[in-house]
Amino acid sequence: MATGVESTAENLSKLNINADFANSAPNLKKNLHLFSPDQIELAKMLLEMGQSHLFEHWPEPGVDDEEKKAFLAQVAKLNSSYPAALVSYIRNARELLADSKAGKNPYDGFKPSVPTGEVLTFGDDNFIKFEETGIKEAQNAAFGLVAGGLGERLGYNGIKVALPAETTTGTCFLQHYIECILALQEASYRLTKGEHQKEIPFVIMTSDDTHARTTNLLESNSYFGMKPTQVKLLKQEKVACLDDNDARLAMDPHNKYRIQTKPHGHGDVHSLLYSSGILNEWRDAGVRWVLFFQDTNGLLFKAIPAALGVSATKQYHVNSLAVQRKAKEAIGGITKLTHADGRSMVINVEYNQLDPLLRASGFPDGDVNCETGYSPFPGNINQLILELGSYIEELGKTGGAIKEFVNPKYKDASKTSFKSSTRLECMMQDYPKTLPPSARVGFTVMDAWIAYAPVKNNPEEAAKVPKGNPYHSATSGEFAIYRANSLILRKAGVKVGDPVQQVFNGQDVEVWPRITWKPKWGLTFAEIKSKVSGASAISQKSTMVIQGRNIFLEDLSLDGSLVVNSVDDAEVKVGGSVQNKGWVLENVDYKDASIPEELRIRGFRINKIQQLEKIYNEPGKFTLKP
Ligand code: UTP
């Protein structure tokens, strides 16, 4: 019978482990018989990559053996979930950490210029034309929501997609997104008079921090009306933390048999889509466009039809949605970078890098507003539309790996040690960095009021935002929805009362009438306009909730609250004068723990005093006239 020592020697020779390596980790050597050949290979790789410290504290065989096995199981997982394995993670980390220590500018040698793109004005003929094209194309689209983020800045205890986008109806972000995708699907089918309605696939990237709660939210709400088979969840894995410039992997402070891990960033969505095989399935099913978006932007789908129309018309391989951006505003700018050696790319450049880059490249004033009153470098909002064919081709070359970065917080100017462990990160919008110059990379700019109102900041941080800059809080995200809906109805011919200024959670916001509608009521401006006629008016104190598809406003005068709900086959004309005490906004203290967190973080709740509510459950034609 082989003794433990003999079998270790056998293992070593079978696996060609150099004795020097083995001797560098004597505690591992003693325990080798616990592991499978694959696990031993991984241990060997760690030694070769200068990670022997991970085994230094290992006790004699017989002590904590299960933990030692669990350690190598974790290494196997870290190895398989990184596009080119852990070896390349450690190599990339060393390279990036050396660049960071040397203070190397990633854009050295690149000259910035303004890329080409489409600047749209909401509701004009051009916009309407792009929207129509976008709706036609929507049946060839697939959506990818990145929802694996921790949301540390917001500090909400639940997952962000479960938060109400607005509290008039309480619809959460995930429900809103699903209803928008279903409405797009139906609208595309109606417009193209296709043989059958194509299902628009929807992928959600989750992480260990969000996966179970996202699944639960979907399952406990019957997927908000979407077929369960239409939705796929892909879970991103975390990456190993790094302790120093040699990229020594950090041990978990709570468990000496684990490597500490942290999120790798939303760029993981590309490698996950690639490795899951989903992209090929989509291609075979006729999908042409993949639209990526983020967890808390209640406005986004108002911009999607036109932006997709731009992608289809211009045949863009990459179309970044962007908003008008004041020079030096704290939001990344979409920029064309051209290198002396011929390389060029159109990418997001963070605002703190853009101004110095311009100054160093012959623009002495840096980032300044042009004749439009805005910076010529539009503000990136991280919503991307990729053309599937070229996307698959590119990922075939890169394996889905996205250029990473590292952001260590150094202890002192010598830059030799970190305040706490760091890790490599990657961002979804850096996808174009590896594209060839022939790639058609453009952007679509819209006014921010129609396209971008994310919920990222907690009330305290939001209240500190310098005046004139967006709060990006639950408060501002909700009022942005009312503002956009009010402005759209105004443009469609409804007389909508002027907003009043009010302060909630220390944030000064414009309060417009609380107007909401289901996406199937109106996805495009043309559709909304077709549902409004005569001389309708809605006062500032009003609330209007439209919950059905075929509801038409005709000479409606609303001063109070009105809720109309109807089945799809009912056609309801809503007119006359509706007057009641309505729904009133009441300030709440965000520190008052007796109030639900969803409300506290907005600083108000809605007191539903009086409303006119009508429900039409049967098909037919109806008139609502009080
Ligand atoms: P955010 O910038 O909002 O980051 O991410 P975050 O991690 O959610 O929040 P903070 O920074 O901790 O406050 C933008 C989008 O990318 C997703 C988020 O869920 C959000 O939709 N994301 C972020 C991921 O899917 N994975 C990540 O690793 C990071």
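Residues numbered from 1 in each chain as written. Predicted model: local features only at pLDDT ≥ 70, side-chain atom pairs only at ≥ 80, totals over all residues. Heavy atoms only, no water.

Participant: Would you take a moment to explain the overall build of the protein chain for this structure?
Facilitator: Each helix and strand in the protein chain was counted, giving 19 helices and 33 strands. Since a compact globule built from 626 residues should have a radius of gyration of about 25 Å, the 28 Å found for the protein chain is in line with a globular shape. The C-alpha extent of the protein chain, read off along each of the three principal axes, is 95 × 60 × 55 Å. Out of the 626 residues in the protein chain, the part that is buried amounts to 53%. Counting only contacts in the protein chain whose residues sit at least 6 apart along the sequence, the fraction spanning at least 24 positions is 70%. Of the roughly 26800 Å² of accessible surface on the protein chain, a fraction of 49% belongs to carbon and sulfur atoms. (Helix = DSSP H or I, 4+ residues; strand = E, 2+ residues; numbered from the N terminus. Rg over C-alpha atoms; globule rule 2.2 N^0.38 Å. Buried < 20%, exposed > 50% of the residue type's maximum accessible area, 1.4 Å probe, protein only. Contact = heavy atoms within 4.5 Å. Areas by Shrake-Rupley, 256 points an atom, 1.4 Å probe, with all protein chains shown as cover.)

Participant: How should the pairing of strand β12 (residues 318-323) be read in this particular structure?
Facilitator: Two faces make up the sheet, and in a regular strand the side chains alternate between them. Along β12, six of the six residues are buried, which leaves the element largely enclosed by surrounding structure. Bridge count for β12 against strand β15 (residues 379-387) is five bridges, and the pairing is antiparallel. Each bridged residue has a counterpart across the sheet, and for valine 323 the counterpart in β15 is glycine 379. Here β12 pairs with strand β19 (residues 441-446) via six bridges, running parallel. Directly across from asparagine 319, in β19, lies its bridge partner glycine 442. (Pairing = 2+ DSSP bridges.)

Participant: Looking at this structure, how should I read the site of the ligand?
Facilitator: Near the ligand, the surroundings consist of 17 residues, among which Val146, Glu152, Arg153, Lys160 and Gln236 are the closest. Here an oxygen atom of the ligand sits 3.4 Å away from a polar atom, N or O, in the main chain of leucine 150. Coverage of the ligand by the protein chains reaches 85% of its 560 Å² of free accessible surface. (Near = heavy atom within 4 Å. Polar contact = N/O pair within 3.5 Å; in protein donor to acceptor, adjacent residues only side chain to side chain.)

Participant: Teacher, can you tell me more about the side chain of glutamine 429 here?
Facilitator: Tracing the backbone through its elements, the reader meets glutamine 429 in the loop between β18 (424-426) and β19. A polar contact of 3.3 Å, which involves the side chain of glutamine 429, links it to the side chain of asparagine 382. Contact partners of glutamine 429, with chain neighbours within four places excluded, come to His266, Asn348, Glu350, Asn380, Asn382 and Leu384.

Participant: Whenever I open this one, unusual backbone geometry confuses me. Can you help?
Facilitator: What you tend to see is this: most non-glycine residues have negative phi, and most peptide bonds are trans. Positioned with a positive phi, aspartate 64 is a non-glycine residue whose angle comes to about 55°. With respect to the element layout, aspartate 64 can be found in the loop between α4 (37-48) and α5 (65-81). Judged by its relative accessible area of 34%, aspartate 64 is partly exposed. Notably, serine 222 is not glycine yet its phi reads approximately 50°, a positive angle.

Participant: I would appreciate a short explanation of empty space enclosed by the protein in the present structure.
Facilitator: Any space left empty among the atoms is revealed by the rolling of a water-sized probe across them. Inspection of the entire model under this criterion finds five cavities of 30 Å³ or more. Considered as a void within the structure, the largest cavity measures approximately 360 Å³ in volume. Of the residues contributing to the lining of the largest cavity, the split by class is 14 nonpolar, nine polar and five charged. Counted as a void, the second largest cavity has a volume near 60 Å³. Forming the walls of the second largest cavity are Tyr82, Pro83, His264, Gly267, Asp268, Ser271, Gly400, Ala401, Ile402, Glu404 and Cys426. (1 Å grid on protein atoms, 1.4 Å probe; cavity = no way out; pocket = protein on both sides within 12 Å on 5 of 7 lines; lining within 4 Å. Points joined across faces, edges and corners; volume = space filled by probe spheres on them. Nonpolar A, V, L, I, M, F, W, Y, C, P; charged D, E, K, R; others polar.)

Participant: Help me out: how do you make sense of the side chain of threonine 422 in this one?
Facilitator: Relative to the elements of secondary structure, threonine 422 occurs in strand β17 (residues 417-422). Those residues within four positions of threonine 422 in sequence are excluded, and the remaining contacts are Leu97, Ala240, Cys241, Leu242, Val406, Asn407 and Pro408.

Participant: Whenever I open this one, the packing of α4 against α5 confuses me. Can you help?
Facilitator: Each pair of packed helices can be summarised by the angle the axes make with each other and by the distance between the axes. It is at 10 Å that the axes of α4 and α5 come closest, and there the two elements cross at 75°. By the criterion of interaxial angle, the relationship of α4 to α5 is roughly perpendicular. Contacts between α4 and α5 pair Gln39, Leu42, Ala43, Met45 and Leu46 from the former with Lys69, Phe71, Leu72, Ala73, Val75, Ala76 and Asn79 from the latter. Grouping the constituent residues of the contact of α4 with α5 by class yields nine nonpolar, two polar and one charged. (Axes fitted to C-alpha atoms, helices over the stretch in contact; angles between N-to-C directions. Parallel < 35°, antiparallel > 145°, perpendicular 65-115°, else oblique.)

Participant: I'm lost on the pairing of strand β1 (residues 110-113) in this one. Help?
Facilitator: Here β1 shows a buried face lined by Phe110 and Pro112 and an unburied face lined by Lys111 and Ser113. The pairing of β1 with strand β13 (residues 333-339) spans four bridges and is classified as antiparallel. Each bridged residue has a counterpart across the sheet, and for proline 112 the counterpart in β13 is leucine 337.

Participant: Would you mind showing me how to read the state of the cysteines here?
Facilitator: Throughout this description, disulfide means a covalent bond between two cysteine sulfur atoms. In total, this model carries zero disulfides according to the counting rule given. With no disulfide of its own, cysteine 180 lies 12 Å from the sulfur of cysteine 172, the closest cysteine sulfur. Judged by its relative accessible area of 2%, cysteine 180 is buried. With no disulfide of its own, cysteine 241 lies 14 Å from the sulfur of cysteine 426, the closest cysteine sulfur. (Disulfide = S-S within 2.5 Å.)

Participant: What's the story with the pattern of salt bridges in this structure? I'm lost.
Facilitator: Opposite charge on two side chains lets them pair, provided their charged atoms get close. Overall, the coordinates contain 33 salt bridges when judged by the stated rule. Residues lysine 68 and aspartate 65 are paired through a salt bridge, measuring 3.1 Å at the closest nitrogen-oxygen approach. One end of the pair, lysine 68, and the other, aspartate 65, are both in helix α5, three residues apart, so they sit about a helical turn from each other. Judged by relative accessible area, aspartate 65 falls into the buried class, the value being 18%. Lysine 77 is paired through a salt bridge with glutamate 237; the nearest N and O atoms lie 3.5 Å apart. Here lysine 77 is found in helix α5, whereas its partner glutamate 237 is found in the loop between β5 (231-235) and β6 (239-240), with 160 residues between them in sequence. (Salt bridge = Lys/Arg side-chain N within 4 Å of Asp/Glu carboxyl O.)

Participant: So what exactly am I meant to see when it comes to the nonpolar core here?
Facilitator: Grouped burial of nonpolar side chains is what soluble globular proteins tend to show. In terms of nonpolar packing, the biggest core is built from 110 residues, with Phe143, Leu174, Phe202, Phe301 and Leu489 touching the most fellow members. Take this core: its biggest share by element is ten residues, from helix α8 (residues 173-192). Apart from the residues within four sequence positions on either side, phenylalanine 301 is in contact with Phe143, Tyr177, Cys180, Ile181, Leu184 and Phe293. The next biggest cluster of nonpolar side chains, apart from the first, holds 37 residues, and it includes Leu42, Met45, Val87 and Tyr89. (Core = buried A, V, L, I, M, F, W, Y, C linked by side-chain atoms within 4.5 Å.)

Participant: How should the sheet that holds strand β23 (residues 514-517) be read in this particular structure?
Facilitator: The strands that make up a sheet pair up through hydrogen bonds in the backbone, lying either parallel or antiparallel. Taken in spatial order, the four strands of this open sheet run β23-β26-β28-β32, and their pairing is parallel. Where the open sheet ends on each side, the last strands, each with one partner, are β23 and β32 (612-616). Direction aside, neighbouring strands of the sheet carry axes that sit 5° apart on average. Sheet topology note: the strand β28 (residues 561-566)/β32 ladder contains five bridges and is parallel.

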